[in-house]
Amino acid sequence: MSLDLITGTTGVLGLIGNPVRHTLSPLIHNTLSEELGQDLRYLPFPVEEDVTAAVRGAYRLGIRGLNVTVPHKTAVMDSLVDIDEKARIIGAVNTLVRTEGGYKGYNTDMPGLGRALTQRGIHLAGQQVIVLGAGGASRAVCTLALSEGAESVYLLNRTIENAKALADDLNPHFPGKRLKPLAASDYAKVPRIPSIMIQCTSLGLHEGDGLLIDDDDFYHLATYGYDLVYNPAVTPFLRKCEGFGIPADNGLSMLLYQGIIAYELWMGISVSEQLAERVLTRLKRRLYGENVVLVGYMGCGKSTVGQALAEKTGRTFLDTDAAIEEAEDCSIREIFESEGEETFRRMETELLRRLADTAVNTVIATGGGIVLREENRKLLTKIGKVIWLSASPETTLERVKSDSARPLLDSASVQELDDKIRSMLTSRGPAYSAASGCKIDTDGKSVEEIVRILTD
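All chains use their own residue numbering, which begins from 1 and follows the written sequence. It should be noted that, the model being predicted, local features are given only for residues of pLDDT at least 70 and side-chain atom pairs only at 80 or more, the latter also being counted only at that level, while totals for whole chains, interfaces and linings use all residues. To get the side-chain values, all heavy atoms of the structure are used, and hydrogens and water are removed first.

Points about the environment of Y226
- Residue position: Y226 is located in strand β11 (residues 222-227).
- Note on Y226: relative accessible area 1%, which makes it buried.
- Within the structure, Y226 has its side chain in polar contact with the backbone oxygen of N250 (distance 3.2 Å). Put simply, DSSP H or I for four residues or longer makes a helix, DSSP E for two residues or longer makes a strand, and each gets a number counted from the N terminus. For every residue, the accessible area (1.4 Å probe, protein chains only) is compared with the maximum for its type, and the residue is labelled buried under 20%, exposed over 50%, or partly exposed between those bounds. Identification of polar contacts relies on pairs of N or O atoms within 3.5 Å, with a donor-acceptor requirement for protein atoms, meaning one able to donate a hydrogen and the other able to accept it, and with residues adjacent in sequence counted only if both atoms are side-chain atoms.

Some details on the pattern of salt bridges
- Salt bridge, as applied in this entry: a Lys or Arg side-chain nitrogen positioned within 4 Å of an Asp or Glu carboxyl oxygen. Across all of its chains, the model carries 23 salt bridges by this definition.
- Across the salt bridge formed by E85 and R88, the nearest N and O atoms sit 4.0 Å from each other. Taken together, the positions of E85 and R88, both in helix α3 (residues 85-90) and three residues apart, correspond to about one turn of that helix.
- On the accessibility criterion, E85 (47% relative accessible area) is partly exposed.
- Take R88: its relative accessible area is 43%, and that puts it in the partly exposed class.
- For E337, the salt bridge is made with R333, and the minimal N-O distance between the two is 3.6 Å. Of this pair, E337 and R333 are both found in helix α13 (residues 332-339), four residues apart, which corresponds to roughly one turn of the helix.
- With a relative accessible area of 59%, E337 lands in the exposed category.
- Taken together, the shared-partner salt bridges connect E34, E35, R278 and R282 into one network.

Some remarks on the packing of aromatic side chains
- Each aromatic pair joins two rings of Phe, Tyr and Trp (for Trp, the six-membered one) with centres within 6.5 Å, and gets the label stacked for planes under 30 degrees apart, edge-to-face for over 60, and tilted for any other angle. For the coordinates displayed, the defined rule picks out seven aromatic pairs.
- When the centroid spacing of 6.3 Å and the interplanar angle of 40 degrees are considered together, the rings of Y42 and W266 count as tilted. One end of the pair, Y42, is in strand β2 (residues 40-46); the other, W266, is in helix α9 (residues 252-267), and 224 residues separate them in sequence. By the burial criterion, Y42 is buried, and W266 matches it.
- Taking the centre distance of 5.6 Å and the plane angle of 70 degrees together, the rings of Y187 and F218 count as edge-to-face. Taken together, the residues span a long stretch of sequence, with Y187 in the loop between β9 (179-183) and β10 (195-199) and F218 in helix α7 (residues 216-219) at a distance of 31 residues.
- In this structure an aromatic cluster arises from ring pairing among Y187, F218, Y219 and F237.
- Stacked on the ring of Y59, the Lys or Arg R98 has its end atom at 3.8 Å from the ring centre. Both a distance and an angle decide whether a charge sits over a ring: NZ of Lys or CZ of Arg must be within 6 Å of the ring centre and within 35 degrees of the ring normal.

Here's the deal with unusual backbone geometry
- Cis geometry marks the peptide bond from N18 to P19, where omega comes out at 5 degrees.
- Relative to the helices and strands, P19 resides in the loop between β1 (11-17) and α1 (25-36).
- Residues V70 and P71 are joined by a peptide bond in cis, for which omega reads 5 degrees.
- On the secondary structure map, P71 appears in the loop between β3 (65-68) and β4 (82-83).
- Within the chain, N361 stands out as a residue other than glycine whose phi angle is a positive 50 degrees.
- Following the sequence through the fold, N361 ends up in the loop between α14 (341-358) and β15 (362-365).

Let's talk about the sheet that holds strand β13 (residues 291-295)
- DSSP-based pairing: two strands are paired if at least 2 bridges between them are found. Judged by pairing direction, the sheet is parallel, and its five strands sit side by side in the order β14-β15-β13-β16-β17 without closing on themselves. Because the sheet does not close on itself, it has two edges, and the strands there are β14 (316-319) and β17 (438-441). Averaged over neighbouring strand pairs, the angle between their axes works out to 25 degrees when direction is ignored.
- Pairing between strand β16 (residues 384-390) and β17: four bridges, direction parallel. Bridge pairing in β17 links W388 to K439.
- Of the strands in this sheet, β14 and β15 are in contact with helix α12 (residues 320-328), which crosses β14 at around 70 degrees. Here the axes come from fitting lines to C-alpha atoms, over the contacting stretch only for helices, and the angles between their N-to-C directions go from 0 to 180 degrees. For this analysis, residues touch if any pair of their heavy atoms sits within 4.5 Å.

Focus: the packing of α12 against α14
- For the pair α12 and α14, interaxial distance at closest approach is 10 Å and the crossing angle is 105 degrees. It follows from the interaxial angle that α12 and α14 lie roughly perpendicular. Of α14, the residues touching α12 (which contributes T320, D321, A323, I324 and E328) are F344, M347, E348 and L351.
- Looking at the contact of α12 with α14 residue by residue, the class counts come to five nonpolar, one polar and three charged. If an angle is under 35 degrees, it is roughly parallel; if it is over 145, roughly antiparallel; if it lies from 65 to 115, roughly perpendicular; otherwise it is oblique. Classification used: nonpolar for Ala, Val, Leu, Ile, Met, Phe, Trp, Tyr, Cys and Pro, charged for Asp, Glu, Lys and Arg, polar for all others including Gly.

A short note on the side chain of D319
- Within the secondary structure, D319 is located in strand β14.
- Among the polar contacts made by the side chain of D319, one reaches the main-chain amide nitrogen of D321 at a distance of 2.9 Å.
- Setting aside its immediate chain neighbours within four residues, D319 contacts S303 and A365.

Considering the sheet that holds β11
- Taken together, six strands build an open sheet; the order of strands is β9-β8-β7-β10-β11-β12 and the sheet is parallel. With one partner strand each, in any of the chains shown, β9 and β12 (248-250) form the two edges of the open sheet. Neighbour-to-neighbour, the strand axes of this sheet turn through a mean angle of 15 degrees, independent of strand direction.

Focus on the side chain of T343
- With respect to the helices and strands, T343 occurs in helix α14.
- Here the side chain of T343 touches E339 through a polar contact of 3.0 Å, landing on its backbone oxygen.

So, the nonpolar core
- V129, V153, I198 and Y226 are the most contacted members of the largest nonpolar core, which has 60 residues in total.
- The element that contributes the greatest number of residues to this core is α9, accounting for 10 residues.
- Setting aside anything within four residues of it in sequence, one finds V129 in contact with L124, A145, A150, S152, V153, Y154, I196 and I198.
- In this description, a nonpolar core means a group of buried Ala, Val, Leu, Ile, Met, Phe, Trp, Tyr and Cys residues linked to one another through side-chain atoms lying within 4.5 Å. Core analysis: the second largest hydrophobic core is formed by 32 residues, V293, I324, F336 and I364 among them.

Remarks on the packing of helix α16 (residues 393-400) against helix α17 (residues 414-435)
- Interhelical geometry of α16 versus α17 gives an angle of 125 degrees and a closest axis separation of 10 Å. In this view, α16 runs oblique relative to α17, as classed from their interaxial angle. The handedness of the crossing between α16 and α17 is right-handed. Two secondary-structure elements touch here, α16 through P393, E394, T396, L397 and V400 and α17 through V414, L417, D418, I421, R422 and L425.
- Here the contact of α16 with α17 is built from residues that sort into seven nonpolar, one polar and three charged. Put simply, a crossing is left-handed when the front helix is turned counterclockwise from the back one by less than a right angle, and right-handed when it is turned clockwise.

Take a look at the structure:
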């Protein structure tokens, strides 16, 4: 199903809230529809006020399902024909599912975080959980921890009154009064036992933000940390955890899974983990940086330019030949000699498949023959922006004539090598052109000049 095609049968999903221009939800849901072959489009609808009129209008227009974001997550509850019990406890709804006579409300933030933690191998049952911040997001987090059977949940907030109010709201729904409010300044009262630590404040959203609690000793309680903030990718809380070797994640996986669970509710289906991972990669690329893929014949400067480009743009650098050599623990020449070129080409394809699903904010320099397979050319365009670095036969000969590591260039004389280079450049040219979005001639240009062209 192509997302470019809209027909009279195309269904609509959407998001209501204000503001909604920044939302990543269309990327999540439209990717799911595309991958699953569903004739649906997801659109943001800015709603400043009168959310009841918006919900009723959406129902009459036949909109299949809606997400709800600030400032309407609580107000929208008055517009619904039914509300899931856990959403009622949290006091907020973010997903509307079409039913007879109107929409039923759910809160997928809580199960979204639960699924994100489960996929990471983190389980809250029987654990001490420390929640930092008592705002709206922490209601779902505390409800999840209590529902999952956490032994105790310590809720730390700058003002004890807000923490106490949240504990008073939630504790009656769960046995044992396990939600324990504390002022952030009283953090030393938290029992010194291993804990799951979840950061729910907005600290980290802005440059210069600090921490709710800045005592290094406090973070030694954490066996795992999770920060609901996902942009930027690394927050002060995550830096603190990682500095002590504590495994930690940002909130992008929660964003992903709350969206996936909403989609599952709308469609009555289950989304596979493989598809979830592909959608997560798209989110990371949108937020943290797209990939750049360099293709071209040997000697065109892919590795040298790629390393310089990665350094200038703050990306990771990956050379596909070097990655294969490391994985196989032998050189490309040894692979050619012992297993043949076809085996090596299959290795390239497998690597590209993995990169298509996982690579983010990376400059990738590829082997000269990687474009020969049609499947590879398609995979390259899925990975990122593909750029063809070219060089004349004369320049190529000068660059590679003394390089004994290239098995395809074994020749008895310089003339034979020149002939082989010219023949291969001619035969491979159409494949480089088909795989790439643009071409840069590297003849007579320094690495700095090429990088400048790539970044202008």
